[in-house]
Amino acid sequence: MPVKEDTGVVRVETTVDSREGAESVAGSVVEHRLAACAQVGGPIRSFYRWEGETQADEEWTVVIKTAADRLDDLVAHLVRTHPYDVPEIVAVPVTGGNPAYLAWVRDETRTGGSA
């Protein structure tokens, strides 16, 4: 099994109830340099239990790439600005990829990034 590297990058996913809301989340995290980029996809159909009832709703996915050391600030921002009471915020470490892209992600989450 190949050794996984610590790239210092994480992939974060959240869902929002509208395309406009998802685009707002994506734009906000990039604008505040909490993420290098974010993609909006959907619509998707989500099934979940909430307040004792099974729900099925249309949602939009936001996939966010950020530096691992910016994750706490990103999560705090999402919790503060997200339209849901308990938003899905799931982070997965990136264990490999294009070194130039990963460096770009880390750089863009810093004040005065390359863009």
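Residues numbered from 1 in each chain as written. Predicted model: local features only at pLDDT ≥ 70, side-chain atom pairs only at ≥ 80, totals over all residues. Heavy atoms only, no water.

### Things to note about helix H3 (residues 99-108)
Part 1 of the argument: If you check which residues of H3 are buried, you get Leu102, Val105 and Glu108. Viewed end-on, H3 has its buried residues packed into an arc of 135 degrees, placing them on one side of the element. When the buried face of H3 is taken as reference, the exposed residues oriented beyond 90 degrees from it are Pro99 and Ala100.
Part 2 of the argument: The secondary structure elements touched by the buried residues of H3 are strand E1 (9-16) and strand E3 (53-67).
Part 3 of the argument: Its side-chain oxygen at 3.0 Å from the backbone nitrogen of alanine 100, asparagine 98 defines the N-terminal cap of H3. (Buried < 20%, exposed > 50% of the residue type's maximum accessible area, 1.4 Å probe, protein only. Helix = DSSP H or I, 4+ residues; strand = E, 2+ residues; numbered from the N terminus. Arc of directions from axis to C-beta. Contact = heavy atoms within 4.5 Å. Polar contact = N/O pair within 3.5 Å; in protein donor to acceptor, adjacent residues only side chain to side chain.)

### Let's talk about helix H2 (residues 71-81)
Part 1 of the argument: Every buried residue belonging to H2 is among Leu71, Leu74, His77 and Leu78, and all of these are buried. One face of H2 carries all of its buried residues, which in axial projection span an arc of 125 degrees. Opposite the buried face of H2, by more than 90 degrees, sit the exposed residues Asp72 and Arg80.
Part 2 of the argument: In the core, the buried residues of H2 are packed alongside E1, helix H1 (19-31), E3 and strand E4 (90-93).

### Remarks on the pattern of salt bridges
Part 1 of the argument: Evaluation of the coordinates by the stated rule reveals 5 salt bridges.
Part 2 of the argument: Linking aspartate 69 and arginine 110 is a salt bridge whose minimum nitrogen-to-oxygen distance equals 2.9 Å. In this pair, aspartate 69 is assigned in the loop between E3 and H2 and arginine 110 in the segment after H3, connecting sequence segments 41 residues apart.
Part 3 of the argument: Close ionic contact of arginine 70 with aspartate 73 constitutes a salt bridge, the shortest N to O distance being 2.9 Å.
Part 4 of the argument: Residue class for arginine 70 comes out buried when judged on its relative accessible area of 18%. (Salt bridge = Lys/Arg side-chain N within 4 Å of Asp/Glu carboxyl O.)

### As for the sheet that holds E1
Paired through their backbone hydrogen bonds, the strands of a sheet run either parallel or antiparallel.
Part 1 of the argument: The 4 strands lie next to each other as E2-E3-E1-E4, forming an open sheet whose pairing is antiparallel. Looking at which strands have only one partner, the edges of the open sheet turn out to be strand E2 (37-50) and E4. Going across the sheet, the axis of each strand differs from the next one's by a mean of 30 degrees, ignoring polarity.
Part 2 of the argument: Inspection of the sheet shows E1 paired to E4 by 4 bridges, in the antiparallel sense. Note that in E4 the partner of glutamate 13 across the bridge is valine 90.
Part 3 of the argument: Where H3 meets the sheet, its contacts fall on E1, E2 and E3, and the angle it forms with E3 comes to roughly 95 degrees. (Pairing = 2+ DSSP bridges. Axes fitted to C-alpha atoms, helices over the stretch in contact; angles between N-to-C directions.)

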